[in-house]
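A closer look at the structure
Listed below are the residues making up each chain.
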Amino acid sequence: MEGAQEDPAESSSSVPRFAEPAGSARGAEVLPPEESGAAAKKLCGYLSKFGGKGPIRGWKSRWFFYDEKKCHLYYSRTAQDANPLDSIDLSTAVFDCKADAEEGTFEIKTANRIITLKAATKQVMLYWLQQLQMKRWEFYNSPPAPPAAPDAALAGNGPALRLELEQEEAEPDDFLGPVRTPPGLVGVAAALQPVPTMPLALQNISLKHLGTEIQNTMSNIRGNRQAQGTGHGPPGEDPPLSSEPQRAEQPLPSDPSTPAGKDPADSPKPTPKSSLTANLIQKAKRQNNTFPFFADGLTRSRTAQEKVLALEQQVLMLTKELKSQKELVRILHKALEAAQQEKRATSAYLASAGEKDRLELVRHKVRQIAELGRQLEALEQERDSLVQTASLREQQVQELQQHVQLLMDKNQAKQQVICKLSEKVTQDFTHPPTQPPVPPGAADRDLLSQQEKMEQLKDDMEAYRTQNRFLNSEIHQVTKIWRRVAEKERALLMKCAYLQAKNCQVESKYLAGLRRLQEAVGGEATECSELLRQLIQEALQWEAGEASADGVELSPISEYDEYGFLTVPNYEMEDLKLLAKIQALEVHSHHLLAHEAVERPLRERWAALSDLAPSVELKQLLRAGVPREHRPRVWRWLVHLRVQHLQSPGRYQELLSRGQVREHPAARQIELDLHRTFPSNKHFTCPTSNFPDKLRRVLLAFSWQNPTIGYCQGLNRLAAIALLVLEEEESAFWCLVAIVETIMPADYYSKTLTSSQVDQRVLQDLLLEKLPRLMAHLGQHRVDLSFITFNWFLVVFADSLISNILLRVWDAFLYEGTKVVFRYALAIFKYNEEEILRLQDGLEIYQYLRFFTKTICNSQKLMNIAFNDMNPFPMKQLRQLRTAHRERLEAELHELERLKAEYLETRNSRDPAVPEGCTSEDEGEGGP
């Protein structure tokens, strides 16, 4: 049987006196049918606890009582002790009972220890287990404390976050039915029973909590003396009944500050009695009132016979306690004698007149120390011998365990033989063989032995059935508690994310206010401008995590995002630095607010999608964005869908080996563009990173794959995005092939960039259709958007949008094609339309258009604009516009070629004579 170490979960000095009215239980106990209308009972009673060390290790009788507020099970030596010895935290505990253990034994398992307890009967054990389960469930399902009033400063920043958790009721499970309350063994009635006897009085004392034992003893002694001093009055009279409990000898249980054993000033005095019977009754009431849960004293409606019985039990209990107190006094006497002997030796040393006497005393002490040293060595030798003996015992135990294992194997073999014999017996009963008659006595003996075995097996089956029902009930309740805790944790995380998002919004508004003040002040060198500059500098250096050193950050703003891009771009201009900080805070705020409401359901939908196949559901999911953990798998599937007719095993390695034989003409340009690829991404700027080498190989392989294009500026950023997501070179190579050769139109990356120019003209037409006010405003200020949007289409927004939004664009782009690029281009202008309309200068508009895409933070809003507000967006219209503009562009290019040819023909037909007054090159060379 596994014992429990008696390390206290918390100091007994910090435990209150647990005063609580008798009817203030949080939930009703499981009562028998005839007591269903009675008030709720306290969970308390005597149990045996296995513990201790050395020779006193064994079962100790303890009084256990449950505290509703803390969900702790406290225990003391007797029910009359004022201070508990220790407590067990039931909020994180699980309960277990084993069918093969001693009857009534069960375990309470906490995070750091296992407490083994034993009840008087099996019914008492089941009652305690069921009640402890109910108390634990009531504690977890109790409504939380009302929250504090929200800060007025945050009340106006947005709608208040309301978190409401449904209160689950303690649903009775069908595993273990209600257990009847054992009469006289639990509750108030158990305190009237005599304390269970132990073989030795000292064995029941807790030496680990000796200080608490002494305090309880002194409190009981003082209470006895006070009871004897006040016990005067007419003989044979009982004290008058009162609705208030008698608390003269003990402090009020509800006041933890009152020391044990002292009388409150306003305690009511009991009526004096003179007879021995009245004295004992008064003492019994006093001792019952010392226990916190018995504030109402004993039951008033008892007969005289019951009173006599109770007093006899009380006398027996006091006699046993007197024996244990005598044993304790004997121990204290020995300690006192040792201290007095030490005091006498010290006094003799101080009283010695001469140095010789003192020297002799010192020598005597040295001899004593040497003697103690020899004793210590002897004890160490004895300890070594005991250790060797213990090791030998362990070896013997191992041998015995092996022997037990052999016996178990043998037993199993016997059981198999028994099964076979049982089958044979069954066959013999069905087809009885012809046998000689058996003597009647032997048949009766066999029948009796079989009946005994059957009864034993029935008892074992019943025990295992009870154990199974309880364990099923325990698993069921622990699972419900775990779900409840998970819901609370999720609610707290949502609240934390909400508050952190509100904090980011407040900080963003503060920085935006500083920026507007900076614009209003201008370049004037005043005290106000200097203070404003200092505030801006502090705001740029301040991080959210530095606000409170003890705070816990749910999702702090890191320097780089999950793909290696800078979260706050490093601009050189001061106003752009402030704008970048504002943008980072806005992005973080939107991410936190959307994490629970949008991203968690989206992740669950992606996790449930096992097989990828083209469908409307997949299209919607790709438009909403692919979670980071699923993105590499989804992109590989999308790329394979595009290039499966081009792929062949070993193709990528073949192209790399071709580049090792001879250098490609585009290799020099590729090398120049490597170091200009994403300067804000740590994977391409860190000297120890291997991403630049991977990118070089991917671009060289593509230049051999498609000689008509070779290399075009912009392909390096397309391949870099593919590398950041897919990480594998070959996957990134085929992703680049899919974009250039299957998704984008032909001649998109050729030297003439014909298809790219066509798409710019198509975008102008769509902007005129979808956003006429914006185009009129830009036309008024002679702003040509192709200077801004040409690069968007060429690299699919790789340099324009923040990574969180960029990769969502690519998720839909790899599946739906170039129509997604047009949708998002229109959505970006719609997103910032009002800001552009406020600008009234062409140069200011161009400056704003250079970086305005980086200010887009709300990916959900941008996606809704692209795929909802821009509808209808038929692909047929897009093809028609492309065809019309391609014809016009080709006609213009033909016209330019014709004009160029005419010019060259005219220039060649002219006489190359030198104009008058000019010197020819030949004449210049012939001069001195």
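Look a little higher up for the structure.
This is a predicted model, so every value here is computed, not measured. (Residues numbered from 1 in each chain as written. Predicted model: local features only at pLDDT ≥ 70, side-chain atom pairs only at ≥ 80, totals over all residues. Heavy atoms only, no water.)

Tallied over the full model, the rule gives 32 salt bridges. Across the pair Arg603 and Glu629 runs a salt bridge whose closest N-O atoms are separated by 2.7 Å. Taken together, the positions of Arg603 in helix α10 (residues 574-608) and Glu629 in the loop between α11 (616-624) and α12 (631-643) put the pair 26 residues apart, joining distant regions of the chain. Across the pair Arg658 and Glu654 runs a salt bridge whose closest N-O atoms are separated by 3.5 Å. With Arg658 and Glu654 both in helix α13 (residues 651-661), this residue pair falls 4 residues apart, about one helical turn. Overall, Glu654 belongs to the partly exposed group, its relative accessible area being 40%. Taken together, the salt bridges that share partners define one network made up of Arg773, Lys830, Glu833 and Glu834. (Salt bridge = Lys/Arg side-chain N within 4 Å of Asp/Glu carboxyl O. Helix = DSSP H or I, 4+ residues; strand = E, 2+ residues; numbered from the N terminus. Buried < 20%, exposed > 50% of the residue type's maximum accessible area, 1.4 Å probe, protein only.)

Within strand β6 (residues 105-109), 4 of the 5 residues are buried, which leaves the element mostly enclosed by the surrounding structure. Note: strand β5 (residues 94-97) against β6, 4 bridges, orientation antiparallel. Directly across from Asp96, in β6, lies its bridge partner Glu107. In this structure, β6 lies alongside strand β7 (residues 114-118), joined through 5 bridges in antiparallel fashion. By the bridge assignment for β7, Lys109 is matched with Ile114. Here β6 folds back onto β7 in antiparallel fashion, the turn holding 4 residues. (Pairing = 2+ DSSP bridges.)

Here Leu47 is to be found in strand β1 (residues 44-51). Residues Leu47 and Pro196, spaced 149 residues apart in sequence, show a C-alpha to C-alpha distance of 9.0 Å.

Ranked by internal contacts, the top residues of the largest apolar core, which has 116 residues, are Trp606, Leu715, Ile739, Tyr749, Phe797 and Phe829. Once residues within four sequence positions are removed from consideration, Phe829 is found in contact with Leu767, Leu771, Leu774, Leu785, Thr789, Trp792, Ile836, Leu849 and Phe852. One finds Tyr75, Phe95, Val124 and Tyr127 within the second-largest nonpolar core, a separate group that totals 28 residues. (Core = buried A, V, L, I, M, F, W, Y, C linked by side-chain atoms within 4.5 Å. Contact = heavy atoms within 4.5 Å.)

As a further point, take a nonpolar patch on the surface. A surface patch of nonpolar side chains, about 440 Å² in accessible area, is lined by Tyr349, Leu350, Leu359, Val362 and Val366. Every element with two or more residues in the nonpolar patch is listed here: α6 (304-351) and α7 (355-430). Element by element, the count of residues in the nonpolar patch is highest for α7, at 3 residues. Following the sequence through the fold, Leu359 ends up in helix α7. (Patch = residues over 30% accessible without salt bridge, like charges linked within 9 Å, V, L, I, M, F, W, Y side chains within 5 Å. Areas by Shrake-Rupley, 256 points an atom, 1.4 Å probe, with all protein chains shown as cover.)

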